[in-house]
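# Results of the structural survey
Here's the letter readout for the chains.
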Amino acid sequence: MGGASASAGMQGGAGVPRGEIVALESLDLEVRDGEFFGLLGPNGAGKTTTIGILTTRVKPTSGTAVVGGADVASQSVQVRQRIGVVPQRPNPDRSLNAIENLLFHAAYFGIPAATSLPRANQLLDQLGISDKAYAKVDEMSGGQQQRLMIARALIHEPQVIFLDEPTVGLDPQTRLSLWEILRQLHGQGRTIVMTTHYMEEADKLCDRIAIVDRGQLLELDTPEALKERAPGGTLVEMSLSGDASMVVDVVRAVEGVLRVEAQGRTLRVFSDRGGRVISPVIQAAEDNGVSVTNISLTEPSLETLFVARTGRKLD
Amino acid sequence: MTAIAAMPHPVRPSSVFFALLRRDVRVARKELVFFLVRTTMQPLLFVIVFGYLLPKMNFVGRGYQTALLPGILAVSLSLSAIQSVALPMVQDFGWTKEIEDRLLAPVPTRLIAAEKIVAGMIQGVLAAAFVLPIARLVMGPISGFTFSNVGELAAIVVLGSMAFSSLGMWLGTAIAPQQIGLMFSVIIAPMLFFGCAYYPWRGLDAVPVMKYLVLVNPMVYVAEGMRGALTPNVPHMPLAVVGVALVVIAGFFWTLGMRSFYKRAIG
């Protein structure tokens, strides 16, 4: 793979209708060689569908998707040879033990046991589950199974690794060690495409992030650039006792308020004075006959950008 | 962009096929006892009641055993071929999704389905081969039983197990997991009882309507084919007719099974 060409990408808005609902409206994106690429979005944003298309498991009804130079629809065999996939929920072959899972997966890629056995042992060791090599999969914890899935995705040394929400359901400690593993893989020059709905995860790991919602690409840039693009100031989100749109005008007049949005009983205030706007905003709201029932503050971040672009929170 | 021709090691589909088969053999070996008990219990119980007890009580004639044994082998072959494919498919696609690691293999998706059908065929043959000596032991000497028609026997076994393994593929990928119990009572049970396994087809001359109705049942051709090959003296359907019917049935279920697997595999 050379130059700045796409090692994974979709053009022309690969669409997948699911019943009447189009899971993926249009998504144009290009992942660069050796890049750690994040797909960030809430549940139902179309992230898993995107991964499904790029890993040849879901057929796009329109548009094209190319991985490592091969088209996912017409050259799916070549695509599969280039990719490793870590699914959202561990799906090991439960009839086999841990190391058999790796050896057979390698065999499905034409790799003889003489080559795959040392590699499997090394991966199990790296991932800290070598003591489980001959354990039944059902005897492994969720985190151990997820590590086994990562080892499986690497056993055939793919060019591109896809991870679909790899840390969902893991305890914080396991999550951190998984981050460390992913950083190492990235350090080895592998291209990684990961979906997540954790802002922090995307922020800490990814070179570039695509923010998607309802099957559409909203933003695409480095975490730093995206954070700069976040609407100025702190996000103060308030739950009100009544319709928030009634107080938008008075709140906008409060000093330090940059922007105000109303959605039902939720009022979102972007402030360049941090939390100091809270008290005058509450006052202004109460003068208009609505009281504040709950307040939350979010510093400028991917989260505030996401809320500003979609009108809802990530989870 | 990487040229596709420049891939490090293009994988031969045959080597993937045999890797998939090795996996199924490994799993089958681990579960051999359960597999044999599950698939051969029913035919063996039949052998005891109809091949031993009833003749002992003089409720059925000695000749009945000659007609029964090929039928029992047909049931063992068919039933285990269906189950060996249908049950794992229902589980893999319905709950555990553990077939995913095979669906990511760099071969056409249909090859993965084909391997599963071949594995089912092997298990069908294995079950029949397991039942035969036990049945012979329970029933005693079977008059007119011969292994001299090896070619015919091989053809019936291959076509019959392929038909039922493919049927298992279709049922396993088309039926919702909750309805698997229904599959046994609505599809498998009538197939067994109206499959001319426990009586020869020519015996239905006594009930002409049934004689023609049962022809839609694929089991009939396996059972009659077994009779034609193993006990040629028992009146049976001509082997040529059986052969043509099994080719058509196997091709039909193969097509249905492949299509249904592909639909489940690629969303």
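Here the structure is shown first, and the text comes after it.
Model, not experiment: these values are computed from the prediction. (Residues numbered from 1 in each chain as written. Chains lettered and ligands numbered in written order. Predicted model: local features only at pLDDT ≥ 70, side-chain atom pairs only at ≥ 80, totals over all residues. Heavy atoms only, no water.)

### A word on the overall build of chain A
- When helices and strands are counted, chain A shows 11 helices and 15 strands.
- In terms of overall dimensions, chain A has a C-alpha envelope of 75 × 40 × 40 Å along the principal axes.
- Residues classed as buried in chain A amount to 57% of the 315 residues present.
- A separation of at least 24 residues holds for 68% of the contacts in chain A among residues at least 6 apart in sequence.
- Within the structure as shown, chain A displays about 12,500 Å² of accessible surface, and the carbon and sulfur contribution to it stands at 47%.
- Of the charged side chains in chain A, 31 are positive and 38 negative; the average position of the first set lies 4 Å away from that of the second. (Helix = DSSP H or I, 4+ residues; strand = E, 2+ residues; numbered from the N terminus. Buried < 20%, exposed > 50% of the residue type's maximum accessible area, 1.4 Å probe, protein only. Contact = heavy atoms within 4.5 Å. Areas by Shrake-Rupley, 256 points an atom, 1.4 Å probe, with all protein chains shown as cover. Lys, Arg positive; Asp, Glu negative; His and termini not counted. Charge placed at Lys NZ, Arg CZ, Asp CG, Glu CD.)

### Re the pattern of salt bridges
- A complete count under the given rule lists 24 salt bridges over all chains for this structure.
- Of the charged contacts in the structure, one is a salt bridge between Asp203 of chain A and Lys227 of chain A, with a shortest N-O distance of 3.0 Å. On the criterion of sequence distance, the pair formed by Asp203 of chain A in helix α7 (residues 199–205) and Lys227 of chain A in helix α8 (residues 223–229) is long-range, its members being 24 residues apart.
- In this structure Asp203 of chain A comes out as partly exposed when scored by relative accessible area, which is 24%.
- For the salt bridge of Arg227 of chain B with Glu224 of chain B, the shortest nitrogen-to-oxygen distance reads 2.7 Å. Pair noted here: Arg227 of chain B and Glu224 of chain B are both in helix α9 (residues 218–230), with a separation of three residues, about one helical turn. Pair check on accessibility: Arg227 of chain B and Glu224 of chain B agree, each one buried.
- Via salt bridges that share partners, Asp93 of chain A together with Arg23, Asp24, Asp92, Asp101, Arg102 and Lys116 of chain B belong to a single interconnected network. (Salt bridge = Lys/Arg side-chain N within 4 Å of Asp/Glu carboxyl O.)

### Regarding the nonpolar core
- Grouped together as the largest cluster of nonpolar side chains are 71 residues, with contacts concentrated most on Leu148 and Ile209 of chain A together with Phe261 of chain B.
- Per element, the largest residue contribution to this core is seven residues, and it comes from helix α3 (residues 98–108) of chain A.
- Leaving out residues up to four positions away in the same chain, Phe261 of chain B has contacts with Met89, Phe93, Ile99, Leu103, Thr109, Ile112, Ala113, Met169 and Thr173 of chain B.
- Met139, Met191, Tyr221 and Val222 of chain B belong to the second-largest nonpolar core, a separate cluster that totals 56 residues. (Core = buried A, V, L, I, M, F, W, Y, C linked by side-chain atoms within 4.5 Å.)

### Some details on unusual backbone geometry
Residue and element names in this part refer to chain A.
- At Thr56, a position not held by glycine, the phi torsion is positive, near 70°.
- Of note, Thr56 is situated in the loop between α1 (47–54) and β5 (62–67).
- Judged by its relative accessible area of 6%, Thr56 is buried.
- For Arg214, which is not a glycine, the phi torsion comes out positive at approximately 50°.
- Looking at the secondary structure, you find Arg214 in the loop between β10 (208–213) and β11 (216–221).

### Examining the sheet that holds strand β12 (residues 234–240) of chain A
Residue and element names in this part refer to chain A.
- Sheet architecture is open: four strands sit in the order β13-β14-β12-β15, paired in antiparallel fashion. Two strands lie at the open edges of the sheet, namely β13 (257–263) and β15 (292–298), each paired on one side alone. Neighbouring strand axes in the sheet, compared pairwise and without regard to direction, differ in orientation by 20° on average.
- Of the strand pairs in this sheet, β13 and strand β14 (residues 266–271) are connected by six bridges, and their pairing is antiparallel. By the bridge assignment for β14, Val257 is matched with Ser271. (Pairing = 2+ DSSP bridges. Axes fitted to C-alpha atoms, helices over the stretch in contact; angles between N-to-C directions.)

### Regarding the interface of chain B and chain A
- Contact with chain B, which involves 35 residues of that partner, is made by 36 residues of chain A.
- Both faces considered, chain B and chain A share a buried interface measuring about 3,200 Å² in area, 54% of it formed by carbon and sulfur atoms.
- For Arg26 of chain B, the salt bridge identified is with Glu100 of chain A, shortest N-O distance 2.4 Å.
- Here the element with the most residues in the side of chain B that touches chain A is helix α1 (residues 13–30) of chain B; it accounts for nine residues.
- For the side of chain B that touches chain A, a count of residues per class yields 19 nonpolar, six polar and 10 charged. (Buried area = accessible area lost by both parts, 1.4 Å probe. Nonpolar A, V, L, I, M, F, W, Y, C, P; charged D, E, K, R; others polar.)

In short, geometric facts, not functional conclusions.
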